[in-house]
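What follows is each chain in one-letter form.
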Amino acid sequence: MSTPRLPIVGIICDYEIIGPHPFHIAGDKYIQAVVNGCKCIPILIPALANKLQVEQLLTTVDGILFTGGYSMVDPINYQTEPAKTGTKLDIQRDKSSFALIKSAVASEIPILGICRGFQEINVAFAGSLHQQLHTVAGLLEHREDKNVELQQQYSAAHSINITANGKLAKILGTTKIDVNSLHTQGVDRLGDGLTIEAQADDGLIEAFSVNNATSFAMAVQWHPEWQCEQNINSTKLFAAFGQACSLRQQVRGNNG
């Protein structure tokens, strides 16, 4: 008996200089979440910017995961003011993600954005970001404490209020959960055609979905990929994304 074919999920890479050489890399926690949470096969999408063959790539994958990262989305993509001095940017990744996001949605390919990926999707739909949340009056401290152990950095930091009867509420089966918080940027103006799925107590948007998407198209500001099998809400989120990728695989197979 042949082994069932699993859906393929593309994971966007960061473009990093390590030593003297450039690398296209993705965190293991995201790869493991795709394998164990989505039950899909992960492949890495290099941050090739305008050299990325988007149309052909989209005929190969059944879903795309836009991950978190240590760099910030370049504000030149949504405003005229440049990034603050010393801000870590990844222009290659910005261009790669922006090339994929709307094309994937239009092609009915499921997408899930996490942290930086959440911010990329918002900007792709003409939204804007706060460059430094900790300087905005009235907002909570959303950054992690880098002086504590990793496990503590990813522990629950605050609760979020999930929109009743929304897409995320239907996946999780609840309207309030606790989440971790490890981000400097955050949504200022929500992008066109996006719907709020969750907010923190300070009003900051923590999750949204794409209105006109005919497949799964959602993004979250927190990090559900961290030890996702140990968190029931993370398990439900990745399972829903994986199920959408499985349905896309069936459609792709029928059309092939």
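Heads up: the structure comes first, above all this text.
Residues numbered from 1 in each chain as written. Predicted model: local features only at pLDDT ≥ 70, side-chain atom pairs only at ≥ 80, totals over all residues. Heavy atoms only, no water.

Got a minute to help me understand the overall build of the protein in this structure?
Of the regular secondary structure elements, the protein holds seven helices and 13 strands. A globule of 256 residues ought to have a C-alpha radius of gyration of about 18 Å, and the protein, at 17 Å, matches this closely. The principal-axis extent of the C-alpha atoms belonging to the protein is close to 60 × 45 × 35 Å. Across the 256 residues that make up the protein, the buried fraction comes to 49%. In the protein, the share of contacts with a sequence separation of at least 24, taken over all contacts with a separation of at least 6, comes to 69%. With an accessible surface of roughly 12,200 Å², the protein has 51% of that area assigned to carbon and sulfur atoms. Across the protein, the 19 positively charged side chains and the 24 negatively charged ones have centroids separated by 6 Å. (Helix = DSSP H or I, 4+ residues; strand = E, 2+ residues; numbered from the N terminus. Rg over C-alpha atoms; globule rule 2.2 N^0.38 Å. Buried < 20%, exposed > 50% of the residue type's maximum accessible area, 1.4 Å probe, protein only. Contact = heavy atoms within 4.5 Å. Areas by Shrake-Rupley, 256 points an atom, 1.4 Å probe, with all protein chains shown as cover. Lys, Arg positive; Asp, Glu negative; His and termini not counted. Charge placed at Lys NZ, Arg CZ, Asp CG, Glu CD.)

Honestly, the nonpolar core in this entry has me stumped. Any pointers?
Most often, soluble globular proteins have nonpolar side chains that are buried together. Judged by nonpolar contacts, the single largest core of 32 residues is most densely connected at Leu58, Ile64, Phe66, Leu100, Ile111 and Ile121. Only β1 (8-12), α2 (54-58), β5 (63-66), α3 (91-106), α4 (116-124), β12 (205-210) and β13 (217-220) provide two or more residues apiece to this core. Those residues within four positions of leucine 100 in sequence are excluded, and the remaining contacts are Ile12, Ile45, Leu52, Val54, Leu57, Leu58, Ile64 and Phe66. One finds Ile11, Val220, Phe241 and Cys245 within the second-largest nonpolar core, a separate group that totals 30 residues. (Core = buried A, V, L, I, M, F, W, Y, C linked by side-chain atoms within 4.5 Å.)

How should I be thinking about the sheet that holds β12 in this particular structure?
Strand pairing in a sheet takes place through backbone hydrogen bonds and is either antiparallel or parallel in direction. Pairing within the open sheet is mixed, and its nine strands lie in the order β4-β1-β5-β6-β13-β12-β11-β8-β9. Single-partner strands in this sheet number two, and they are β4 (41-45) and β9 (176-179). Between one strand axis and the next, the sheet turns through 20° on average, direction left out of account. Relative to β13, β12 runs antiparallel, the two being bridged by three bridges. Bridge pairing in β13 places alanine 207 opposite valine 220. Where helix α1 (residues 28-37) meets the sheet, it contacts β1, β4, β5 and β6 (111-114), and its direction lies at approximately 145° from that of β4. Against the sheet, α4 makes contact with β5, β6, β11 (194-200), β12 and β13, and its axis sits at roughly 115° relative to β6, the strand it touches most. (Pairing = 2+ DSSP bridges. Axes fitted to C-alpha atoms, helices over the stretch in contact; angles between N-to-C directions.)

I keep staring at the pairing of β13 and nothing clicks. Help me out?
For a regular strand, the rule is simple: side chains alternate between the two faces of the sheet. Neither face of β13 is exposed, since Ala217 and Ala219 on one face and Met218 and Val220 on the opposite face are all buried. Hairpin connection, β12 to β13: the antiparallel pair is bridged by six residues.

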